[in-house]
Amino acid sequence: MSILEKTIQAFAELFPEEAAATVAVDGTAEEQTEKDSEAEGPVVARDYATRGFHLDIGVAPDQLVRAAEILFALDYFIESITGVDWPKEKQIEAVYDFCRYDFDLCRVVVRTRTPRDEPRLPTITGIYTGANWHERETHDFFGVVFDGHPNLIPLLLPEDADFHPLLKDFTA
Amino acid sequence: MQLLVIHQYLGTYLVFGAMLFGLGIYGLLARRTLIGMLIAAELLLAGVSINFMAFNRFLTPDPTVGQIFALFIMAVAAAEAAIGLSIVVAVYRRYRSVDSEDMVNLNG
Amino acid sequence: MELSLLNAFIAVFIAIAFVGANAAYLVWWERKGAGFFQRRPGPTENGPWGLLQPPLDGIKLMTKQLLIPGGVDKAIFMVAPVLAMFPALVSFVTIPFSSSIQAHTIEVGVLLIFAFAALGSMSLLVAGWSSRNKYAMISSIRAVSQTVAYEIPLLITTITVVLIAGSLELSEIAAAQMGGIWNWYIWPFQKSAGFNIFMPISFMIMFICSVAETNRAPFDLGEAESELVAGFHTEYSSMGFGLFFMGEYANIVIGACLITILFLGGWACPFGDLGFFPFTHHVGWFLLKLYLIIFVFVWIRWTFPRTTIYGLLNLSWQYMIPLSLFNLLLTAALIKVFA
Amino acid sequence: MSGYFTDLWGGAVSLLEGMWVTLKEFPKRPVTVGYPHEHLKMYRRFRGHVELIGGEDGSPNCIVCSMCERACPSNCISMTGEKPEGSKKKVLTSYILDFTTCSLCGSCVESCNFNALKFSNEYNLASTRREDFIIDLLERLAEQNKASGGGDD
Amino acid sequence: MIETPSLFSADGLVGLIFLFMIVVTFCGGLLAATADRLVRALSGLVICFTGVAGIYYFLNSPFMAMMQILIYVGAVCVTISFAIMLASPEQKQRRGTGSVLAGPIGFAVGALIFAGMSGLALTTNWQQFDKINEGSVKQIGHELLTTYSMVFELISLVLLIAIIGAVVIARGGRNQ
Amino acid sequence: MNQMDLIELQPDETFVLNVGPQHPATHGVLRVKMTMDGEYIYDAETVLGYIHRMHEKMAENRTYAQYMPNMGRLDYLSAMAFNHGYALVVERACGIEVPERAEYIRVLTVELNRISSHLVWLGAFVLDLGGFTPLMYCFDDREYILDLLESITGSRLTYCYFRFGGLYNDIDEPFIEGTRRFVKRMYKELKMYAKLVTGNIILMKRLRGHGIIDQNMCQRYGATGPVARGSGINYDVRRNEPYSVYPELDFDIPVDDGCDSYARYLVRMEEMVQSLRIIEQILAKLPEGPINPAKKPKIIKPPPGDYYAAVETARGNFGIRLVSDGGKNAYRLKLRSPTYSNMHLFDEACRGMLIADALAFMGSLDLVIPEMDR
């Protein structure tokens, strides 16, 4: 069983009723774009050739830590954490990239969304220690507050920075 | 200009040795820190050594004796410094102070 | 005795000139040598082959502002560089450059050099500590523990040679090795050494310890610039720094002199006594050996990475001290048997 | 115990090997270029700051289409042109390169469809004044024309 | 009475040097005994010991002079400075109850001892003997290994025990 | 042997040593706040951001083509690989095909650049350890590479040589000739380095057993590149997630399970040999053909969606996440730089080390600060 299937299976635990909704998307970029919008399931397998990653998992903020635990158990390492600002939906999307040190390649993207005016997410530093800086960086750039983070002070921005430059409404 | 030849008299060295000894005594009594006391003790020993060396030069028939005695004093001083300072360090770790009056527990 | 003491004080002033010139041009030579070892030309701009570089550097150092960091104990801070330079100068007094050129013959010449080397280590300690800089502080502690650790094998090895030569006076040690290159103490199977086979090892120990004593690479822990910025002279500028610099090079010269005298026969000509021009001849040989040793110092510096403090102490306690002690005992026994 | 001496021996040998390497370099010639006295010839493709290309008559090929201005990621090009009476084409009146912000990416040269821009071979661009890096390319072109014209005579 | 040499003769210069040395040594000792900051006291000690070494030199014993510098400056003072670094980075200025009297008492006792001893030294009629040897390094070594060999061994033992004791005490403090 | 075993650290006897932002061993403006007990590190906190330039925001204000030069500014030592990563993600998003010759030349230049980057690391690393001379030799060798790359790209550090779907310009005969000569020379020089540096007992004693990073730590921190490979993890994007023409080339991924600084050192040294092998193969089978695709959209406008591409730079896995809204500018561009993760584990790994070992360990991580701070 490939690691892709294993991962999908493992995530069935998080989404018991929606496991069936998992959609595999293939095809050209144009087709895919259409299908993307249709793909409502929380676990979506993507076409690696056009996207560059295999699995797209949308979770609720409170499922985040569990998702990280699942991935850690499956030997994923953390690549990065970042945010994407969606001002129209009034949400900030946090994107977690995971990959494996293995020839059975599987890149997993975990997404979660949090309200833009008061972004709050749980920290996963308890599982991935390396998330520390990534979360601090996300806090710098988007103002996302990671609950339980051991040291949530500006990392890349000056220590007295009170602005979040990657928000779409930020202008220098 | 008698001063220019005082180095050829025994008395000069004895008085100077006594001077260092007196300084050492003063330091030993007036200092409050252990390290300061140790420094004063070294002064004391230096004064004694000078006395030995002076007698050695001017009086003894066998001039090796005084030198050997002074050498032994040096060895004892080195041992004393090593032990004394290790005690200072140990005491400092225990009491966070090298002030001799802070070490109340040593009174028993 | 009184007159010779006076000589000594006069000789200090001559020594200052010699040390100053040597230190300045050793810096030039070090930079030039470093350049040649590193596929580059070294200083070229000032004068032919950059020969004016040292005096110009000196002028620059002297005209710079002497910064004293806030909160330091000024008196001690200022005394430290002088203390670094002074012992090196005094040590020069007893070095015999030839059978006749020696400023002050002292019965215990070897001891004098070691005694003043100890004074030199005190200056590092005081400098690093009075700077109120953490890097300088760590550096000075390192430098001193290193000096102390290497003084032991250095002394033991020196005592081995003293045993063989039967004298603590440097010129007598050198004189004992006259009569050709085979009589130098670097070679094994010396008759006077009781046919000891380990003399080259003694020489190696002596050499390594001298490098370590003078805080030079690969044992330059005190000035490890990638770790401790500039070490104990981080806070020094102008001539304060200049004196440390000079003192360092003066120490190198003294270390090399000691090696030359103890193991390479001092002013002894390698081909036995040829009988002509004894005076220049002898000084020439001495300087040749001296600068050869210094060249190896430079060569080593620009070849090796730095050791760590524990690597250095391991080397001293695991290898240098046992080997030198063993050699001392062996030499004593052999001399007892054969001589 | 044997490890003790093999360690010592192996270590000594490794050190001597290293010293042999550096000693071999010692007598070799330096590989460096004595910069202020010697100069390097730049490669044909060397990307210095940009330069205008002049036509046969020395006037710039530029037609003031502003493609380069728009292509520049750091807005370091500012140009003006005007249409003289009776002429169809615009004529370049000023072309200022602000080299302080230029990152030498070459987007301007690539975007130019009229063979009007090229890279210069200038690499000696040190200065202590900011104004030295505001380069008037039109002036440079005129100077070059003068220089090459003088050479021809 | 020894004849006074001219100030500019070699002997006169030697006398001057001796005076200078005495003054420096005394100043060093004074600094060591009275300076407020331990660092300064230590520097005073170093100066004082170097001066004492010079005095040994005048006492016909260059060997002892060198040993004085080697052992006191190179070993004892360095050890003390390590202790100062480890134990008291900043000296607290504090006056306790006992210290008010400590200074004057110390001064009185010190002065008394100094006066008594120097008085004794200057008034006693010292008896001189003819030297039976020169007291050279060779002779010292010989004596050490023959007449005083027992003491020599004991001193080695004392030093060994001191080293072990020092290590044990200092480490013991660390593990608490 | 971990230094922790030797001595119990005393939290109440510590002092803070501020290493950086200007310190010879940090190779840039990195600051590490070390809490020390004597010379032992009790705790360390890395402080970043001294040259943070907000490259990610710049991406949102520039067109895709205009953003290309920025990539060279991220990691000035292996700018080529960063260019490659960016080109890759945009090509993936827009579906641009890259001609074969261009792919080969890309790999050729990237590998040359990798060697030059490793040479700088080698020199700087040995400089951290106090050896100055190897730095000069490394720079001499690197100069050859820079000359070669300058002759085709026109600049020496920030190449900006790749274009979407192809290259800025083609390579020429002198370049190929020069590369051949360089490969020959480099093999010889590597032997010299082996004698001068690798075998040196001082270096070995300093590196062996110091700076231990185990596999679990790599996973928790996401360490990649030589740092992970020095811990026995066989992970290299070129092999695990093949891109460009790497599948067609025969090369090994050096892995060493020593987990210490020396293992990382050996891995990088071996990587240079492997890069030379790749270069040799490319020179042997470089195909003819165009270097830019026949059809290529005039204005780059990737369709909306998320795209990801990763490449192996000299320091590890460089990933780009591109979120497009279909416009001329990127909606969001996330740069995942390798040193950022590699450096992160320094704080944890250096506890209990001597400061000298910690700085050697820092050197073995091969830091490029602009890439960390972005």
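What you see is a predicted model; the values in this text were computed from it and never measured. (Residues numbered from 1 in each chain as written. Chains lettered and ligands numbered in written order. Predicted model: local features only at pLDDT ≥ 70, side-chain atom pairs only at ≥ 80, totals over all residues. Heavy atoms only, no water.)

Enquirer: I'd like to hear about the arrangement of the chains, residue by residue, with values.
Expert: When the 9 pairs of chains in contact are ranked by number of contacts, first place goes to chains B and E. The two partners chain A and chain D share no contact, and the minimum distance between any of their C-alpha atoms is 16 Å. If you take every C-alpha in chain D and every C-alpha in chain E, the smallest gap between them is 26 Å, and the two do not touch. (Contact = heavy atoms within 4.5 Å.)

Enquirer: Please give an account of the pattern of salt bridges that cites residues and values.
Expert: All chains considered together, the criterion is met by 56 salt bridges over all chains. Ionic pairing is found between A:Arg113 and A:Glu93, a salt bridge with its closest N-O pair at 3.1 Å. Here A:Glu93 lies in strand 5 (residues 91–100) and A:Arg113 lies in strand 6 (residues 108–115), a separation of 20 residues in the sequence. A:Arg113 gets classed as partly exposed once you look at its relative accessible area, which sits at 30%. The salt bridge involving F:Asp250 is made with F:Arg277; its shortest N-O contact spans 2.9 Å. A residue pair is termed long-range when its members are at least 10 positions apart, and F:Asp250 in the loop between helix 11 (237–240) and helix 12 (261–284) and F:Arg277 in helix 12 qualify at 27 residues. Taking relative accessible area as the criterion, F:Asp250 reaches 45% and is therefore assigned partly exposed. In this structure, a network of salt bridges that share partners links the residues A:Asp56, A:Glu89, A:Glu93, A:Asp97, A:Arg111, A:Arg113, F:Asp306 and F:Arg321. (Salt bridge = Lys/Arg side-chain N within 4 Å of Asp/Glu carboxyl O. Helix = DSSP H or I, 4+ residues; strand = E, 2+ residues; numbered from the N terminus. Buried < 20%, exposed > 50% of the residue type's maximum accessible area, 1.4 Å probe, protein only.)

Enquirer: A description of the sheet that holds strand 8 (residues 332–336) of chain F should follow, citing residues and the corresponding values.
Expert: Strand pairing within a sheet occurs via backbone hydrogen bonds; the two strands may be parallel or antiparallel. All names here are of chain F. In spatial order, the strands read 6-7-8; together these 3 strands make up an open sheet with antiparallel pairing. A single partner strand is all that each edge strand has here, and the edge strands are strand 6 (305–313) and strand 8. The mean inter-strand angle of the sheet, taken between neighbouring strand axes irrespective of direction, is 15 degrees. Judged from the 5 bridges that link them, strand 7 (residues 316–324) and strand 8 form a sheet pairing that is antiparallel. (Pairing = 2+ DSSP bridges. Axes fitted to C-alpha atoms, helices over the stretch in contact; angles between N-to-C directions.)

Enquirer: Mind laying out the packing of helix 1 (residues 10–30) of chain B against helix 2 (residues 38–58) of chain E, listing which residues take part and the relevant values?
Expert: Helix 2 of chain E packs onto helix 1 of chain B with a crossing angle of 160 degrees between their chain directions and a minimal axis gap of 13 Å. Between helix 1 of chain B and helix 2 of chain E, the interaxial angle falls into the category roughly antiparallel. For the pair helix 1 of chain B and helix 2 of chain E, the sense of crossing is left-handed. For the pair helix 1 of chain B and helix 2 of chain E, the contacting residues are B:Tyr13, B:Phe16 and B:Leu20 in the first and E:Cys48, E:Val52, E:Ile55 and E:Phe58 in the second. Split by residue class, the contact of helix 1 of chain B with helix 2 of chain E holds 7 nonpolar, no polar and no charged. (Parallel < 35°, antiparallel > 145°, perpendicular 65-115°, else oblique. Left-handed = near helix turned anticlockwise from the far one by under 90°. Nonpolar A, V, L, I, M, F, W, Y, C, P; charged D, E, K, R; others polar.)

Worth remembering: the numbers are spatial, not functional.
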